[in-house]
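Here's the letter readout for the chains.
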Amino acid sequence: MIDTRYAIRLSDVTKRFGNHTAVSELNFDVPRGAICGLIGPNGSGKTTCLRMIMGILHPDVGSVSLLGATPDDVRRKRVGYLPEERGVYRKMTCTEFLTFLAEIRGVSRTEGWKRSNDWLERLGLGGWADRRIEALSKGMQQKVQFIGTVIHEPELLILDEPFSGLDPLNQDVLEEIIRDFHSKGTTILLSTHLMDQAERICERVCLISNARKVLDADLKELKAKERTGVVVVRFEGSNQWLEGPEIDCIHESNGELHLILKDGADHQSILKRGLESGVKIYRFDLVEPRLHEIFVRHAGTESVGDAGMPKNVTLELQ
Amino acid sequence: MSVNVWAVIRREYLQRVRSKWFVISTLGGPLLILLLMVVPAYFLVRGGQAEQKLAIVDGSNVLYERIAPYLVNEGLEVEEERWYPDVVTSLRKEATEGDLWGFIVLDELTLDTGEAIVYVTTRPSPIRQLTLQSAITRAVMEYQLERLGVDAEALLSGGDLSLELLSEERTSTEEPQFWVAYLGAFFLYMVILFYADSVMRATLEEKTSRIVEVIISSMEPWHLMLGKILGVGAVGLTQLLVWIVSGFLIVAGGIPLLVSLSPGLIPVETLLPALPGIGMVTLFVCLFIFGFFMYSGLHAAVGAMCNTDQEAQQVRLPMVMLLVIPIAMVSVVIVQPMTAMSTWFSLFPLFSPFLIWARVVSGGIPAWQIGLSFLLMLFTVLAIAWIAGRIYKVGILMAGKRPTLPELWRWVKEA
């Protein structure tokens, strides 16, 4: 039964390549109009998952439905897909390339030409419209690629690592455009290994690790539910008091420690132990957990791998 | 055909036709031929001007009127000089001091042996020497034959041999036909392989630049392959047509022009009837189209299954090696177009474009076999398209190791 409330539905999807299982028994929905993040470390199966949604790969087991139909039927005209490894026809000019992409998705040539120029203008590439793509810098090429993804005004956008390779300024520009599409009702699914970014943009997240789904929930609800789990502390003295059964793991950020608590653990007992040990505590704050911390709690530290956040460093790209 | 296939065709076509190499190679061919014809003609004309004025001392009294028109035709200015004892001395003086290039002395001996002496101030070109010599011998023969009361003109123009074929078999060896057949087959081989190779490179480039993922998410892989093949094929056809039309113009307009400039080149005119007519040109173009479809399909599959240029060249090697067979056989087939071996090899679809051409030009093929070969090629085109389409669909998104044969077979089955 196909449910039209969902833009994307994956049911029990498994995909193997030889002996390697890239995606295992994945169930995952994206409601229409939502902006959803597919999050996980490199090699966790994100790209395979998106390729199956796009009908480029076919699942070995399970089914994918896209906008209430099979991927093959709808992907062409109604979906915009930005793959992780993006290519261009280097010898074509920007407008030729974009018009071509519009045309193969059913937009007329004149309309495609007009939209190409409008978009190039909007992203500050107006002066480059008639230049060959090979003359553009990498960042500019990425903008052109993004325009190519949205030129046919799709109702669903699937973006694989859309921010990778962009400088912070352009990341902001792109973020703005993505929000803009979202506000116009476009459903957006983006994959990223940058959790902070996902946290800023997404309403929903699906965390996958080692080919399996770890979490799939509304971000606000998730955070509310996980609220008891993280304590930020700043103190002076020995850190022996932090060794206790309540704490799952600890990582450092901006000179403060984030204590990730085990399920149902009581933070009061930690505070008590701290006061008794005689260290000077400047901050002991029960905070809303960050996505990264939720992920670590559910998937375990080892599975995070290189999930964009080295243990002791947090990158804030603002 | 769906809109997106047209978009791919247009893209492939325009990108290629607008590129520098296309313009250069398309216009370069005819220009080269033109150059090969114009340059010698230019020198012939120029050389002629320096050797204009020639006196003829006719001791035989019968040769001058026969030789003069022939030499005038060659661009020489001719004047008759009466024979008198000191004629050589005075003409020699006139030549070294005045504007006389030289003079020919003909006597009674010339009438028997064709021997004559030419006194010149500057050395004539070999062609001009030949012209003078043939003008003299021809005049002598005309005179002698007329004395015998035979039709000298008919005899000297080479007689007329009419051919009555008793069997269908026909062998051509040193005729112009041989070269039309041979060069035509070789030319087909080069153009077909060149454009099929372009399809392979384009596929490989799309794959390695990863643009293909964007395209495939918007259209069927099979449509992309089709569009690519048709687009590149259209470029090949454009080039062929430009070459054929300009070649026709050059040869049809150029050879008569050349001959009019220098009648000594009259033998070149015998080439004209040997040149392919409109029917042959159509056949040539059709063979190109079918050959191109077969080989470009195979090349597209090779491009899709490989990751680097070297890899693709390796995989392509057996295919190119296979093509050595028809090329090696072309000359045999031209000479003996009706043998069983010629028939079977030319009907093998992958060889047909080259060998059918050779057999048709050398005149040794029944019409039904031409029809059959096109039917077989059509089936082969469809079979290759079906298999290559499946390999293409799987291969175009594959990275890493090149597939083994069993893996390829699985792709074909499962795609």
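Only a predicted model underlies this, so the values are computations on that prediction, with no experimental measurement involved.

Caption draft 1: Examining the overall build of chain A more closely. Along the backbone of chain A there are eleven helices and 13 strands. Long-range contacts, defined as pairs at least 24 residues apart, comprise 70% of the intrachain contacts of chain A with a sequence gap of at least 6.

Caption draft 2: Molecular detail of the interface of chain B and chain A. Contacts between chain B and chain A engage 17 residues on the former and 19 residues on the latter. Residue assignment for the side of chain B that touches chain A shows that the elements contributing at least two residues are helix H1 (3-17) and helix H9 (211-216) of chain B. Broken down by element, the side of chain B that touches chain A gets its largest block of residues, six residues, from H9 of chain B. Its residues assigned to classes, the side of chain B that touches chain A comprises nine nonpolar, five polar and three charged.

Caption draft 3: Region of the structure containing the domain arrangement of chain A. Domain annotation of chain A identifies domain 1 (6-222) and domain 2 (227-288). A straight line from the C-alpha centre of domain 1 of chain A to that of domain 2 of chain A covers 40 Å.

Caption draft 4: Highlighting the sheet that holds strand S4 (residues 61-66) of chain A. Residue and element names in this part refer to chain A. Sheet architecture is open: three strands sit in the order S2-S1-S4, paired in antiparallel fashion. The sheet terminates laterally at strand S2 (20-31) and S4, the two strands that pair on one side only. Taken over all neighbouring pairs, the strand axes of this sheet differ in orientation by 15 degrees on average, direction set aside. In terms of strand pairing, strand S1 (residues 6-17) meets S2 through eight bridges, oriented antiparallel. Paired with Val13 across the strands is Leu26, a residue of S2.

Caption draft 5: Structural context of helix H13 (residues 309-322) of chain B. Relative to the 20 Å expected for 14 residues at 1.5 Å per residue, H13 of chain B spans 20 Å between its end C-alpha atoms, a close match to the ideal helical length. Arg316 of chain B marks the point of greatest bend in H13 of chain B, at about 40 degrees, and the proline Pro318 of chain B comes within the next four residues.

Caption draft 6: Quick look at the sheet that holds strand S10 (residues 230-236) of chain A. All names here are of chain A. In spatial order, the strands read S11-S12-S10-S13; together these four strands make up an open sheet with antiparallel pairing. Edge positions in the open sheet fall to strand S11 (247-253) and strand S13 (280-287), since each of these has one partner strand only. Averaged over all pairs of adjacent strands, the angle between their axes in this sheet comes to 25 degrees, without regard to strand direction. Relative to strand S12 (residues 256-261), S11 runs antiparallel, the two sharing six bridges. Each bridged residue has a counterpart across the sheet, and for Ile247 the counterpart in S12 is Leu261. Packed on one face of the sheet, helix H10 (residues 291-299) meets S10, S11 and S12 and runs near 40 degrees to S12.

Caption draft 7: Representation of helix H1 (residues 46-53) of chain A. The buried fraction of H1 of chain A is high, at eight of eight residues. Positive phi shows up at Gly55 of chain A, right after H1 of chain A, with a value of about 75 degrees.

Caption draft 8: Looking closely at the packing of helix H12 (residues 278-305) of chain B against H13 of chain B. Residue and element names in this part refer to chain B. One can describe the packing of H12 onto H13 by two numbers: an axis separation of 9 Å at closest approach and a directional angle of 150 degrees. With respect to each other, H12 and H13 are oriented roughly antiparallel. Note on packing geometry: the crossing formed by H12 with H13 is right-handed. When H12 is examined against H13, the residues Leu298, His299, Val302 and Gly303 are found in contact with a partner set consisting of Ala312, Val315, Arg316 and Met319.

Caption draft 9: How the structure looks around the nonpolar core. With 142 residues, the main nonpolar core has Ile158 of chain A together with Trp357 and Ala358 of chain B as its most contacted residues. Once residues within four sequence positions are removed from consideration, Trp357 of chain B is found in contact with Ala181, Gly184, Ala185, Leu188, Phe284 and Leu287 of chain B. The next biggest cluster of nonpolar side chains, apart from the first, holds 17 residues, and it includes Leu54, Leu63, Ile104 and Ala135 of chain B.

Caption draft 10: Layout of unusual backbone geometry. With a phi close to 45 degrees, Glu25 of chain A is a non-glycine residue in the positive phi region. On the secondary structure map, Glu25 of chain A appears in strand S2.

Caption draft 11: Highlighting the environment of His182 of chain A. Residue and element names in this part refer to chain A. By the element assignment, His182 lies in helix H6 (residues 168-183). With 18 C-beta atoms counted inside 10 Å, the residue His182 sits in the partly exposed group. In sequence terms His182 and Leu157 are 25 residues apart; their C-alpha atoms lie 9.6 Å from each other.

Caption draft 12: Structural detail: the packing of helix H17 (residues 367-395) of chain B against helix H18 (residues 405-414) of chain B. All names here are of chain B. Look at H17 against H18: their axes get within 8 Å of each other, and the N-to-C directions meet at 100 degrees. By the criterion of interaxial angle, the relationship of H17 to H18 is roughly perpendicular. Counting all contacts with H17, which are made through Ile387, Arg390, Ile391, Val394 and Gly395, the residues of H18 involved are Leu408, Trp411 and Val412. For the contact of H17 with H18, a count of residues per class yields six nonpolar, one polar and one charged.

The rules behind each value
- Residues numbered from 1 in each chain as written.
- Chains lettered and ligands numbered in written order.
- Predicted model: local features only at pLDDT ≥ 70, side-chain atom pairs only at ≥ 80, totals over all residues.
- Helix = DSSP H or I, 4+ residues; strand = E, 2+ residues; numbered from the N terminus.
- Contact = placed C-beta atoms within 7 Å.
- Nonpolar A, V, L, I, M, F, W, Y, C, P; charged D, E, K, R; others polar.
- Domains from an automatic or database assignment.
- Pairing = 2+ DSSP bridges.
- Axes fitted to C-alpha atoms, helices over the stretch in contact; angles between N-to-C directions.
- Expected span 1.5 Å × (residues − 1).
- Bend = angle between axes of the 7 residues up to and from the residue.
- Buried ≥ 20, exposed ≤ 12 C-beta atoms within 10 Å, placed from the backbone.
- Parallel < 35°, antiparallel > 145°, perpendicular 65-115°, else oblique.
- Left-handed = near helix turned anticlockwise from the far one by under 90°.
- Core = buried A, V, L, I, M, F, W, Y, C linked by C-beta atoms within 7 Å.

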